[in-house]
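Descriptive analysis of the structure
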Amino acid sequence: MTDSLGHWLMSEAPASRRQAILGSIYRGIRSIVTNPTALVGLVIVTLLVLMGIFAPWLSMGNSPLDQDLAGRLASPSEKHWFGTDELGRDILARTLHGARATLAIVALVSVIVVPIGLAVGTVAGYLGGWVDAVLMRITDIFLAFPRLILALAFAAALGPGIENAVIAISLTSWPAYARIARSETMTIAHSDFIQSVVLQGASTWRILFRHIVPLCLSSVIVRLTLDMAGIILTAAGLGFLGLGAQPPTPEWGAMVSSGRDVILDQWWVATIPGLAIFIVSLGFNLLGDGLRDVFDPKSG
């Protein structure tokens, strides 16, 4: 039964659209599982998601917000595996719940930057002319500034908070996707099947969103996965400077900031959330690198 299903999914001549879609998904999953780099990254990212979902149950009954001044800056123990912070809050619970803030930022930024980047890049690449010139010069303006510095400027102007941090990161992240989409579109637009669609009378917007955008998605997704680490580090940087999530919300960057004054004596306060940032960033980098090999083996 399993062999027949695998043969059906791997068929090079699918009999229906459903079979083609399921087969494409199956081949992608199989390629990721057989790629050690992508698999390690996928495991780390999956653990991050599970940490966020099951944080209340993994916190061993400790709340990320409850303060205990009598037990402030306590070293790791049986009750508090990763110790407590300057207000006596359990660091394990705050690290686990901080995964939720990280996932929220990553998800919201992804939802914003991918559509904007695809829209700008595909329109510029397909229409060309003055439209391309105007859109790409706007893109160049954003690319001319270091991403973190520009994000800090936007966050400072908008004010502290996760929502404003997401907006600030999104405003500085979309140009890279626009560049990739434009490059892909300029190649695809001259292909024979696009010319056939044009001769059949399809409108410009139908060609863009039904034929060109789907073909640009794989490159954009790979770039997005590789950029996740940068997004997390930028969000942590904003949190560290007090421009991200506000107290008492647990957020890794803010936790590192609160522990920097006691880093020599109570190292666990800043080290644990710092390790979480490092491991998750590494996981997204490995996953993105593996996906690049899966989608474009020649790039490896």
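I will try to describe carefully the structure that is included in this document. Numbers given to residues run from 1 along each chain, matching the order in which its sequence is written. For this predicted model, a pLDDT threshold of at least 70 governs which residues receive local features, and a threshold of 80 or more governs which side-chain atom pairs are given and counted, while totals over whole chains, interfaces and linings are taken from all residues. To get the side-chain values, take all heavy atoms of the structure and skip hydrogens and water.

**A look at the overall build of the protein**
The criterion, for reference: Helix and strand assignments follow DSSP, with helices taken as H or I runs no shorter than four residues and strands as E runs no shorter than two, numbered in order from the N terminus. Type-normalised accessible area, obtained with a 1.4 Å probe on protein chains alone, sets the label of each residue: buried when under 20%, exposed when over 50%, and partly exposed for intermediate values. Any two residues having at least one pair of non-hydrogen atoms within 4.5 Å are treated as being in contact. The accessible surface values rely on the Shrake-Rupley method and a 1.4 Å probe; as for residues, cover is taken only from the protein chains in view. Under the convention used here, Asp and Glu are negative, Lys and Arg are positive, and both His and the chain ends fall outside the count. In plain terms, the charge of a residue is placed at NZ if it is Lys, CZ if Arg, CG if Asp and CD if Glu.
Assigned secondary structure in the protein consists of 12 helices and 0 strands. Written out in order from the N terminus, the α and β elements of the protein read α-α-α-α-α-α-α-α-α-α-α-α. Projected onto its principal axes, the C-alpha coordinates of the protein cover approximately 75 × 55 × 30 Å. Per-residue burial for the protein yields a buried fraction of 42% across its 300 residues. Of all intrachain contacts in the protein linking residues separated by at least 6 positions in sequence, the fraction that spans at least 24 positions is 68%. Carbon and sulfur atoms make up 67% of the accessible area of the protein, which totals about 15700 Å². Between the averaged position of the 19 positive side-chain charges in the protein and that of its 20 negative side-chain charges there is a distance of 9 Å.

**A closer look at the packing of aromatic side chains**
Definition in use: Classification of ring pairs rests on two measures: the distance between centres of Phe, Tyr or Trp rings, Trp counted by its six-membered ring, which must be within 6.5 Å, and the angle between planes, read as stacked under 30 degrees, edge-to-face over 60 and tilted in between.
Going through the model one piece at a time under the given rule, you end up with 4 aromatic pairs. Taking 6.1 Å as the distance between ring centres and 20° as the angle between the ring planes, the aromatic pair formed by Trp205 and Phe209 counts as stacked. Note that Trp205 and Phe209 are positioned in helix 10 (residues 204–240) at a spacing of 4 residues, about one turn of the helix. Measuring from ring centre to ring centre gives 5.7 Å for Trp267 and Trp268, while their planes differ by 80°; the resulting arrangement is edge-to-face. Classification of Trp268 by relative accessible area gives buried; the value is 7%.

**Description of the environment of Thr102**
Residue placement: Thr102 occurs in helix 5 (residues 91–127). Along the primary structure Thr102 and Pro250 are separated by 148 residues, whereas in three dimensions their C-alpha atoms are 10.0 Å apart. Not counting residues up to four positions away in its chain, the partners in contact with Thr102 are Ile232 and Trp252.

**Side note on the pattern of salt bridges**
Put simply, the test is: Whenever Lys or Arg places a side-chain nitrogen within 4 Å of a carboxyl oxygen from Asp or Glu, that contact is recorded as a salt bridge.
By the definition in use, this model includes 8 salt bridges. With a closest N to O distance of 2.9 Å, Arg137 and Asp140 form a salt bridge. Linking Arg137 with Asp140, this pair stays in helix 6 (residues 129–143), spanning 3 residues, or about one helical turn. Of the residues examined, Asp140 reaches a relative accessible area of 25% and is grouped as partly exposed. Between Arg223 and Asp227 there is a salt bridge whose closest N-O contact spans 3.0 Å. Pair noted here: Arg223 and Asp227 are both in helix 10, with a separation of 4 residues, about one helical turn. The class for Asp227 is buried, based on a relative accessible area of 9%.

**Structural notes on helix 5**
We count it as follows: Expected helix span is taken as 1.5 Å per residue step, with the number of steps being one fewer than the number of residues. In the analysis that follows, any N or O atom pair within 3.5 Å is treated as a polar contact, provided that within protein one partner can donate a hydrogen and the other can accept it, and provided that, for residues neighboring in sequence, both atoms belong to side chains.
With 37 residues, helix 5 should reach 54 Å at 1.5 Å per residue; the first-to-last C-alpha distance of 53 Å fits that figure. Regarding helix 5, its N-cap is Asp90, as a side-chain oxygen of that residue lies 3.3 Å from the backbone nitrogen of Leu92 further along. Downstream of helix 5 by a residue or two, Gly128 has a phi angle that is positive, lying close to 65°.

**Looking at the side chain of Asn62**
As for its placement among the helices and strands, Asn62 is situated in the loop between helix 4 (55–58) and helix 5. In contact with Asn62, other than residues within four places in its own chain, are Lys79, His80, Asp90 and Ala93.

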